[in-house]
Amino acid sequence: MVLKAQAPADGAVLGSFEETPVTEAGQIFENSREAQHSWGALSTVQRLSYLKRFRHVLVDLQEEIADIIAASTGKTKTDALTTEVMGAADALKHVEKEAPSVMSNEKVKTPIHFAGKASYINRKPRGTVLIVSPWNFPFQLAVSPVAEALAAGNTVILKPSEDTPMVGELLRRLSSLFPEHVMQVVMGDADLGEALTSEDPDFIHFTGSVSTGRKIQEKAAQKLIPTILELGGKDAMTVFEDANLQRAAKAAVWGSFHNSGQVCLSTERVFVQAGVYDSFLTEVKQEAAKLRQGKDEDADIGSMTTRRQYEHVKEQVQDALDQGAILETGRAPGDWDDSSLFIEPVILTNIKPSMALWSVETFGPVMPIMAFETEEEAVTLANDTEYGLGGSVFTSDIGRAERFTGRMRTGNMNINEVLVSVANFHLPYGGVKNSGIGKYHGRDGIRSFCIETSVLADKGTEDNEIIWYPNAGKYDLFLDMISNFWGRRRNWKSFIQSYMSLNKF
Ligand code: NAD
């Protein structure tokens with residue numbers, strides 16, 4: 001069986017790639033487990049030398065990589081370079097910098113009643129990690145978790161999306177920079193993903209849709225396999241009357257139309273305070289009119305990546321128009337050029353909760369704009385979704401921005417910015433509600449790929465401990481010790497006296 005890579009714009013066949021037979025899943029895991037012994041035995045610094053070389057090769061090949069990504073996804077070459085190549089290089093650099101300290105034993109405090117002991121957290125690799133990645137950022141969303149997992153000493157089995165097999169093949173080429181079977185890239189669809197999930201990975205990192213995430217989580221739950229799930233979103237941008245309107249309008253246009261809206265953190269709902277609604281709409285339409293679609297380096301927006309996604313967006317826009325939405329910018333679906341996957345950016349107003357695009361992830365270049373009156377109403381509207389990935393708020397009152405952010409049930413927020421919190425690798429990243437479970441990026445990311453052993457260590461010189469046997473005669477001394485240390489008033493002298501008496505048993 002082969003996976004065909006097709007150009008999103010015109011369907012031209014770009015290449016054919018051998019699928020990994022589902023029957024090989026067991027052997028792939030065996031190889032991975034075997035390789036993990038020596039990879040995990042390397043020091044963190046030794047492992048990072050491979051990741052550093054990986055980063056250097058990635059930068060040497062940046063144009064070729066951007067070309068492959070752009071051809072595979074329909075995104076512009078500049079977008080491929082900035083969000084995919086630069087994003088992956090920065091993810092690697094971050095891991096190189098943080099992993100040595102994250103992977104060292106972390107000392108924590110030891111309370112006084114454990115006098116003479118030390119406590120620390122010891123981190124080690126989980127083992128073999130399965131990483132399943134999507135098609136919308138097929139390079140960066142694969143490299144970033146792979147880097148964290150490998151730095152922590154795991155071996156990795158990566159299954160990239162079957163919709164972008166040329167990027168999968170590229171990742172397979174790059175995997176040869178590591179010792180054999182340390183990073184195995186397999187090619188295939190849901191059947192292969194399911195077969196791999198059934199092989200009892202020690203950890204699963206999944207990025208993709210809510211429905212697939214649920215299937216993976218159900219399977220993982222049966223064996224108590226820990227997971228990180230990075231799923232969909234329905235992010236809201238909230239614009240208050242005191243915002244820099246021009247900035248907010250430009251941000252909305254980039255936030256909604258970047259990568260043709262095929263971004264998990266895409267701005268899918270824009271709420272604007274009533275007093276500036278008309279001016280904002282005018283600004284946003286002017287900004288949208290300046291955009292140029294195409295495939296060249298200077299184009300702003302490329303095409304959709306898959307026919308399936310194109311049809312989904314088309315249906316949602318048609319549904320909204322059928323229910324009375326007003327088309328402010330763009331074309332009605334009947335006028336779309338179905339021979340390509342380009343969708344002209346769409347701005348819609350007169351939005352109602354009954355429309356699918358109110359609640360269902362669009363994942364396309366569509367910006368619905370709605371008005372609100374009060375801050376309270378804005379909080380309710382922005383949180384009115386099953387998703388909890390990200391969001392943004394625009395206001396010149398930083399107190400209000402922080403108050404608003406504090407009430408958002410989302411894993412990520414941007415203040416007077418949009419999307420980019422995910423690109424700061426010092427910030428942990430992940431969603432809440434139906435947008436996922438767990439975090440990666442940041443120091444938390446490397447930790448997520450570790451088993452953490454909490455250690456309390458004693459020198460072993462004393463023969464007994466106050467809490468060990470015998471119990472006889474200790475009860476009243478413990479009463480004293482508790483009242484004098486944890487009671488209303490701390491009495492050090494009495495506490496030490498009871499402690500010393502207990503020590504004599
Ligand atoms: P998808 O769920 O269809 O596929 C994702 C991956 O899962 C693919 O590699 C696919 O082959 C694999 N897969 C499918 N069924 C499987 C199964 N039963 N077992 C194991 N693997 C299986 O998602 P998609 O269409 O590729 O990606 C788009 C979705 O991803 C959107 O909802 C988007 O919001 C979400 N996404 C989330 C983030 C995030 O960080 N939260 C980032 C990017 C995309």
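Here is what the cut-offs are and how they apply
- Residues numbered from 1 in each chain as written.
- Predicted model: local features only at pLDDT ≥ 70, side-chain atom pairs only at ≥ 80, totals over all residues.
- Heavy atoms only, no water.
- UniProt positions renumbered as here; feature names shortened; annotations may be inferred.
- Helix = DSSP H or I, 4+ residues; strand = E, 2+ residues; numbered from the N terminus.
- Expected span 1.5 Å × (residues − 1).
- Buried < 20%, exposed > 50% of the residue type's maximum accessible area, 1.4 Å probe, protein only.
- Arc of directions from axis to C-beta.
- Contact = heavy atoms within 4.5 Å.
- Pairing = 2+ DSSP bridges.
- Axes fitted to C-alpha atoms, helices over the stretch in contact; angles between N-to-C directions.
- Near = heavy atom within 4 Å.
- Polar contact = N/O pair within 3.5 Å; in protein donor to acceptor, adjacent residues only side chain to side chain.
- 1 Å grid on protein atoms, 1.4 Å probe; cavity = no way out; pocket = protein on both sides within 12 Å on 5 of 7 lines; lining within 4 Å.
- Sits in = over half its atoms within 2 Å of the grid points.
- Nonpolar A, V, L, I, M, F, W, Y, C, P; charged D, E, K, R; others polar.
- Phe/Tyr/Trp six-rings, centres within 6.5 Å; stacked < 30°, edge-to-face > 60°.
- Points joined across faces, edges and corners; volume = space filled by probe spheres on them.

The name an unreviewed UniProt entry gives the protein chain is Aldehyde dehydrogenase, with Salibacterium lacus as the organism. Per UniProt, the protein chain has the following entry under Sequence similarities (unreviewed entry): "Belongs to the aldehyde dehydrogenase family."

Peer 1: Before we move on, could you go through helix α8 (residues 210-223) and cite the residues and values that matter?
Peer 2: For α8, spanning 14 residues, the distance from its first C-alpha to its last is 20 Å, which sits close to the expected 20 Å at 1.5 Å a residue. Those residues of α8 lying buried are Val210, Gly213, Ile216 and Ala220. Buried positions in α8, seen along its axis, are confined to an arc of 120° and lie on one side of it. Among the exposed residues of α8, those pointing more than 90 degrees away from its buried face are Lys215, Glu218 and Gln222. Buried-residue contacts for α8 involve α7 (190-197), β8 (203-207), β9 (227-230) and β15 (387-388). Looking one or two residues beyond α8, the residue adopting positive phi is Leu224, at roughly 55°.

Peer 1: Explain the sheet that holds strand β17 (residues 414-415) to me, using residue names and the numbers behind them.
Peer 2: Spatially, β12-β13-β14-β11-β10-β16-β17 is the arrangement adopted by the seven strands of the open sheet, whose pairing is mixed. Of all strands in the sheet, those bounded by a partner on one side alone are β12 (326-329) and β17. Strand direction decides the pairing type here: β12 and strand β13 (residues 346-349), joined by three bridges, are antiparallel. Within β13, the residue paired with Ile326 across the bridge is Thr349. Its contacts with the sheet put helix α10 (residues 277-289) on β10 (235-239), β11 (267-273), β12, β13 and β14 (366-372), and the angle it makes with β14 is roughly 165°.

Peer 1: I'd like a description of the site of the ligand, backed by residues and values.
Peer 2: Residues in close proximity to the ligand total 29 residues, the closest being Glu162, Ser209, Thr212, Leu231 and Glu361. A distance of 3.2 Å is found between an oxygen atom of the ligand and a backbone nitrogen or oxygen belonging to Gly208. Contact distances for the ligand include 2.7 Å between a nitrogen atom and a backbone N or O atom of Leu231. Among the detected pockets, the ligand sits in the largest pocket. Only α7, β8 and α8 provide two or more residues apiece to the shell around the ligand. At four residues, the largest contribution of residues to the shell around the ligand is made by α7. Of the residues assigned to the shell around the ligand, the class counts are 13 nonpolar, 10 polar and six charged.

Peer 1: I'd like a description of the sheet that holds strand β20 (residues 450-458), backed by residues and values.
Peer 2: Taken together, three strands build an open sheet; the order of strands is β3-β4-β20 and the sheet is antiparallel. Edge positions in the sheet fall to β3 (106-108) and β20, since each of these pairs with one other strand and no more. The average angle at which neighbouring strand axes cross in this sheet is 25°, direction not considered. As judged from the three bridges shared by β3 and strand β4 (residues 117-125), these two strands associate in the antiparallel manner. From the neighbouring strand, Glu106 faces β4, where its bridge partner is Ile121.

Peer 1: Describe the UniProt feature "active site" (unreviewed entry) in the protein chain, with residues and values.
Peer 2: When the UniProt feature table is mapped onto this chain numbering, "active site" (unreviewed entry) sits at Glu230. Within the secondary structure, Glu230 sits in strand β9.

Peer 1: Describe unusual backbone geometry, listing the residues and the values that go with them.
Peer 2: Omega for the bond connecting Tyr469 with Pro470 falls within 30 degrees of zero, at 0°, which places this linkage in the cis form. One non-glycine residue, Asn259, lies in positive phi territory at about 55°. Within the secondary structure layout, Asn259 lies in the loop between α9 (245-257) and β11. Judged by its relative accessible area of 5%, Asn259 is buried.

Peer 1: Which residues make up the packing of aromatic side chains, and what values go with them?
Peer 2: If you walk through the whole model with that rule in mind, you get 15 aromatic pairs. Plain terms: the ring middles of Trp39 and Tyr50 are 5.3 Å apart, the flat faces sit at 65° to each other, and that makes the pair edge-to-face. Of the two residues, Trp39 sits in helix α1 (residues 25-41) while Tyr50 sits in helix α2 (residues 44-60), which places them 11 residues apart along the sequence. What makes Trp39 buried here is its relative accessible area of 1%. Ring centres 5.5 Å apart and planes at 35° place the aromatic pair Phe54 and Phe178 in the tilted group. Of this pair, Phe54 sits in helix α2 while Phe178 sits in the loop between α6 (165-175) and β7 (183-185), placing them 124 residues apart in sequence. Note on accessibility: Phe54 and Phe178 belong to one class, buried. An aromatic cluster of at least three residues, connected via ring pairs, comprises Phe485, Trp486, Trp492, Phe495 and Tyr499.

Peer 1: Account for the layout of surface pockets, with residues named and values stated.
Peer 2: Of the voids in this model, the largest pocket is the one considered here, and its volume is about 1000 Å³. Taken together, 38 residues make up the lining of the largest pocket; nearest its centre are Trp135, Phe206, Gly208, Ser209 and Thr212. Of all the secondary structure elements, the ones that give two or more residues to the lining of the largest pocket are α7, β8, α8 and α11 (307-322). With six residues, the top contributor of residues to the lining of the largest pocket is α8. Counted by class, the lining of the largest pocket contains 15 nonpolar, 13 polar and 10 charged residues. Taken as a whole, the second largest pocket holds about 440 Å³ of empty space. Lining the second largest pocket are 22 residues, with Thr83, Phe137, Gln140, Val422 and Ala423 sitting closest to its centre. Broken down by secondary-structure element, the contributors of at least two residues to the lining of the second largest pocket are α4 (77-102) and α5 (140-151). In terms of residue count, the dominant contributor to the lining of the second largest pocket is α4 (five residues). Residue composition of the lining of the second largest pocket, grouped by class: 14 nonpolar, seven polar and one charged.

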